[in-house]
Every structure is written in structure tokens, then in C-alpha cells.
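The primary structure of each chain is shown beneath.
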Amino acid sequence: MTYQIDIVYFSWVKERLGRDQETIICPASVETVGDLVAHLKAVDSIYQQVFSDLKKLRFALDQDFVGLEASLGDSRELAIFPPVTGG
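Residues numbered from 1 in each chain as written. Predicted model: local features only at pLDDT ≥ 70, side-chain atom pairs only at ≥ 80, totals over all residues. Heavy atoms only, no water.

1. Focus on the pairing of strand β1 (residues 3–9)
So, point 1. In terms of strand pairing, β1 meets strand β2 (residues 21–26) through six bridges, oriented antiparallel. Directly across from V8, in β2, lies its bridge partner Q21.
So, point 2. Across four bridges, β1 lies against strand β5 (residues 77–81) in parallel orientation. Across the sheet, the residue bridging to V8 is A79, located in β5. (Pairing = 2+ DSSP bridges. Helix = DSSP H or I, 4+ residues; strand = E, 2+ residues; numbered from the N terminus.)

2. Some words on the sheet that holds strand β4 (residues 64–66)
So, point 1. The five strands lie next to each other as β2-β1-β5-β3-β4, forming an open sheet whose pairing is mixed. Each edge of the open sheet is held by one strand with a lone partner, namely β2 and β4. Averaged over all neighbouring strand pairs, the angle between strand axes comes to 30 degrees, with direction disregarded.
So, point 2. Inspection of the sheet shows strand β3 (residues 58–61) paired to β4 by three bridges, in the antiparallel sense. (Axes fitted to C-alpha atoms, helices over the stretch in contact; angles between N-to-C directions.)

3. Structural notes on the environment of H39
So, point 1. Structurally, the position occupied by H39 is in helix α2 (residues 33–43).
So, point 2. Residue classification places H39 among the partly exposed positions, given a relative accessible area of 22%.
So, point 3. C-alpha separation for the pair H39 and S75, spaced 36 residues apart in sequence, amounts to 17 Å.
So, point 4. If we skip the residues at most four places from it in the chain, H39 touches I24, I25, P27 and V30. (Buried < 20%, exposed > 50% of the residue type's maximum accessible area, 1.4 Å probe, protein only. Contact = heavy atoms within 4.5 Å.)

4. Section: the packing of aromatic side chains
So, point 1. Under the defined criterion, the tally for this structure stands at three aromatic pairs.
So, point 2. Taking the centre distance of 6.3 Å and the plane angle of 80 degrees together, the rings of F10 and F81 count as edge-to-face. Here F10, found in the loop between β1 and α1 (11–17), pairs with F81, found in strand β5; they are 71 residues apart in sequence, far enough to count as distant.
So, point 3. Of the residues examined, F81 reaches a relative accessible area of 11% and is grouped as buried. (Phe/Tyr/Trp six-rings, centres within 6.5 Å; stacked < 30°, edge-to-face > 60°.)

Following this line, the structure appears as C-alpha cells:
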């Protein structure tokens, strides 16, 4: 069974992908944030480039910060962005 999730991109991630958001249809085998990133990288080489160094990215499910091991569960939105710095 498949399900869908909205992905929102920020900062240079948005710029490099050329979009600020999209809705992805995921196969049932995609259970975690890491699985979703791997799925995207397998779908299109642009994701391989943008997600090449996951240490430079942060993730939030339904506006809560999470790691790659976090279960997608019933989440509706995944945000992907670089770390925020202050000044």
C-alpha cells in the first residue's frame, strides 16, 4: 500500500531542487525519514546531488525536529533544511 507525504524545502535545498515543496507518493517500504531520503535519491539524480551529505541537513516531521531514524508514521509533512545559524 502506498501513502503520500508533503515535503517542504528551505534555503539552498529549495534553490538547488528548484521547488519549495512537493507531494510524494511513497511505497509501503518507506517507513523512516532515512528511507524517504533514500527513495528520493533512487528516483532522480537531482536528489542524489542535493542529499549527498546528510550531515548538512536537518529534518522536521509535522514541525518537530527528528533524525533520519524517525518513523514517518502518520506524519503529513516533512521539512528539509540546512542547519540554522544565528548572528
